[in-house]
Amino acid sequence: LYSENQDGAFLIRESESQKSEFSLSVRDGKAVKHYRIRRLDNGGFFVTRRQTFQNLNAFVRHYSYASDGLCVKLGRPCIKTEVPTTYDLSYQTVDQWEIDRSSLKLLKKLGSGQFGEVWEGLWNNTTPVAIKTLKPGSMDPKDFLREAQIMKNLRHPKLIQLYAVCTLEDPIFIITELMRHGSLLEYLQNDGGSRIHLPQQVDMAAQVASGMAYLESQNYIHRDLAARNVLVGDHNVYKVADFGLARVFKLENENVYEAKHETKLPVKWTAPEAIRSNKFSIKSDVWSFGILLFEIITYGKMPYAGLMGYQVLQKLDQGYRIPQPANCPQELYNIMLQCWNAEPKERPTFETLHWRMEDYYDMDSALYSDTNNFIQ
Ligand code: AMP
């Protein structure tokens, strides 16, 4: 509710003094005033018993129409500010990023994958962090530390920041920035087109391309770019996660072509030359970015649905590419096809992809026909 807000700007928040109660804070001239929102036994809300509401939306609607006893009538919700990326937990962890695992509290399991689990946690009882716990034996600590040294120095607002590690005993912990809304894949699937439309989808692609353009500029390769490895924060911020990790993981029984489960089959995201001859490069990441575009536009559909990895590879060799999804504008599909050029050198750079996404709506005025829902 700082001064950029107008009179009547408000927010409804959890009360600091009364657990599981809400408070209303309103900007009135230069002051901010607070009201306790009380609950009815039937679940309704009120600030005065004279006027009660079934839900908070009805409450806000009423006081937006007239002040009705409040200091001012409610205006706009207060402006949300983007929290700047923190690059270190503290000045100590800048150089000493092997931290004591007792400084971490694991609070809530967020997910689990092939190589371990991810927890929401607290560092020093204060700083929210994500903690990746790695299954013993999933990587060689020496390899990992070498890679982590590089990852620690990669800093960009669209990359998940590595904060610290615990590698002295098993399980290895990787401590990173916490993203409140989890993976982009689930985020897209949960939405399924209800709130997310083309402008938001282009924005997601632009942010990912921006993070990847930074990796490109640092001569670093991701190796596992996919919607499952992009995380969603507040205020529509999207960041690339898990860069470089694929290189240090030990793929034990993995013949990537024949892995049983479709869901995490990286072969569908991987450029043919990377699968065949291990030629991973920033250009194989560009191929994966094309698949990520497909995931974004289809709200998280499985690419090459119904095909197994080896079948995909065969078909790609014959020139087959994923067909244009129904709701995908031609211009965006053209970009996907460029990312899937059989010749790595012919694929665009991330720098180019970034500006093409940023300028998407300027590229061609005809595009506006695709964007009925441009202004949401
Ligand atoms: P992963 O093992 O990296 O695939 O992570 C499993 C799941 O944990 C992801 O799909 C996310 O939902 C969640 N997750 C991973 N990293 C973070 C993070 N930094 N912040 C919040 N959620 C995360």
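One can find the structure itself at the top, above this paragraph.
Residues numbered from 1 in each chain as written. Predicted model: local features only at pLDDT ≥ 70, side-chain atom pairs only at ≥ 80, totals over all residues. Heavy atoms only, no water.

A.B. asks: Looking at this structure, how should I read the nonpolar core?
C.D. replies: For soluble globular proteins, nonpolar side chains are generally found buried alongside one another. Membership of the largest hydrophobic core comes to 79 residues, with the highest contact counts inside it found for Ile175, Leu184 and Phe289. A per-element tally of this core places helix α4 (residues 198-217) first, with 11 residues. Each residue touching Leu184, except ones within four places of it in the same chain, is listed here: Met204, Ala227, Val230, Leu231, Val232, Tyr238, Leu292 and Ile296. (Core = buried A, V, L, I, M, F, W, Y, C linked by side-chain atoms within 4.5 Å. Buried < 20%, exposed > 50% of the residue type's maximum accessible area, 1.4 Å probe, protein only. Helix = DSSP H or I, 4+ residues; strand = E, 2+ residues; numbered from the N terminus. Contact = heavy atoms within 4.5 Å.)

A.B. asks: Would you mind showing me how to read the sheet that holds strand β8 (residues 127-134) here?
C.D. replies: To summarise the sheet geometry, strands pair through backbone hydrogen bonds and adopt either a parallel or an antiparallel arrangement. Here we have five strands laid out as an open sheet, ordered β6-β7-β8-β10-β9, and antiparallel in their pairing. Each edge of the sheet is formed by a strand with only one pairing partner; in this case those strands are β6 (104-113) and β9 (162-166). The sheet shows a mean angle of 25° between the axes of neighbouring strands, taken without regard to direction. Relative to strand β7 (residues 116-123), β6 is paired through eight bridges, and the arrangement is antiparallel. Across the sheet, Lys109 pairs through a bridge with Trp119, a residue of β7. Strand contacts of helix α2 (residues 141-153): β9 and β10 (173-176), with the helix running at about 160° to β9, the strand carrying the most contacts. (Pairing = 2+ DSSP bridges. Axes fitted to C-alpha atoms, helices over the stretch in contact; angles between N-to-C directions.)

A.B. asks: Would you mind going over the packing of α4 against helix α10 (residues 350-358) with me for this structure?
C.D. replies: Between two packed helices, the angle of one axis relative to the other and the distance separating the axes together describe the packing. Where α4 contacts α10, the axes come no closer than 8 Å and their chain directions differ by 155°. Looking at the two axes, α4 sits roughly antiparallel to α10. Viewed along their axes, α4 and α10 form a crossing whose handedness is left-handed. On α10, the residues touching Val202, Ala205, Ala206, Ala209, Ser210, Met212, Ala213 and Glu216 of α4 are Phe350, Glu351, Leu353, His354, Met357 and Glu358. Its residues placed into classes, the contact of α4 with α10 shows nine nonpolar, two polar and three charged. (Parallel < 35°, antiparallel > 145°, perpendicular 65-115°, else oblique. Left-handed = near helix turned anticlockwise from the far one by under 90°. Nonpolar A, V, L, I, M, F, W, Y, C, P; charged D, E, K, R; others polar.)

A.B. asks: Could you clarify how one ought to interpret the packing of aromatic side chains in this entry?
C.D. replies: Working definition: an aromatic ring pair is given by the centre-to-centre distance plus the angle between the planes. Counted by the stated rule, this structure contains eight aromatic pairs. Judged by centre distance (5.7 Å) and plane angle (65°), the rings of Phe53 and Tyr63 are edge-to-face. Of this pair, Phe53 sits in strand β5 (residues 51-53) while Tyr63 is found in helix α1 (residues 56-65), placing the two residues 10 residues apart along the sequence. Like Phe53, the residue Tyr63 is buried in the burial classification. On the numbers, 6.4 Å between centres and 85° between planes, the contact of Tyr220 with Phe243 is edge-to-face. (Phe/Tyr/Trp six-rings, centres within 6.5 Å; stacked < 30°, edge-to-face > 60°.)

A.B. asks: Is there a simple way to explain the pairing of β9 in this structure?
C.D. replies: For β9, the buried fraction is high: five of the five residues fall into the buried class. With four bridges joining them, β9 and β10 adopt antiparallel strand pairing. Of the residues in β10, the one forming a bridge with Cys166 is Phe173. Here β9 hands over to β10 after six residues, the two strands then running antiparallel side by side.

A.B. asks: When you look at the site of the ligand in this model, what are you seeing that I'm missing?
C.D. replies: Lining the immediate environment of the ligand, one finds 15 residues, of which Ala130, Lys132, Glu177, Met179 and Asp242 sit closest. One of the backbone nitrogen or oxygen atoms of Met179 is found 2.9 Å away from a nitrogen atom of the ligand. The separation between an oxygen atom of the ligand and a polar main-chain atom of Ser183 is 3.5 Å. Burial of the ligand by the surrounding chains reaches 87%, relative to a free accessible area of 480 Å². Among the secondary structure elements, those contributing two or more residues to the shell around the ligand are β6 and β8. Looking at the shell around the ligand residue by residue, the classes come out as six nonpolar, four polar and five charged. (Near = heavy atom within 4 Å. Polar contact = N/O pair within 3.5 Å; in protein donor to acceptor, adjacent residues only side chain to side chain. Areas by Shrake-Rupley, 256 points an atom, 1.4 Å probe, with all protein chains shown as cover.)

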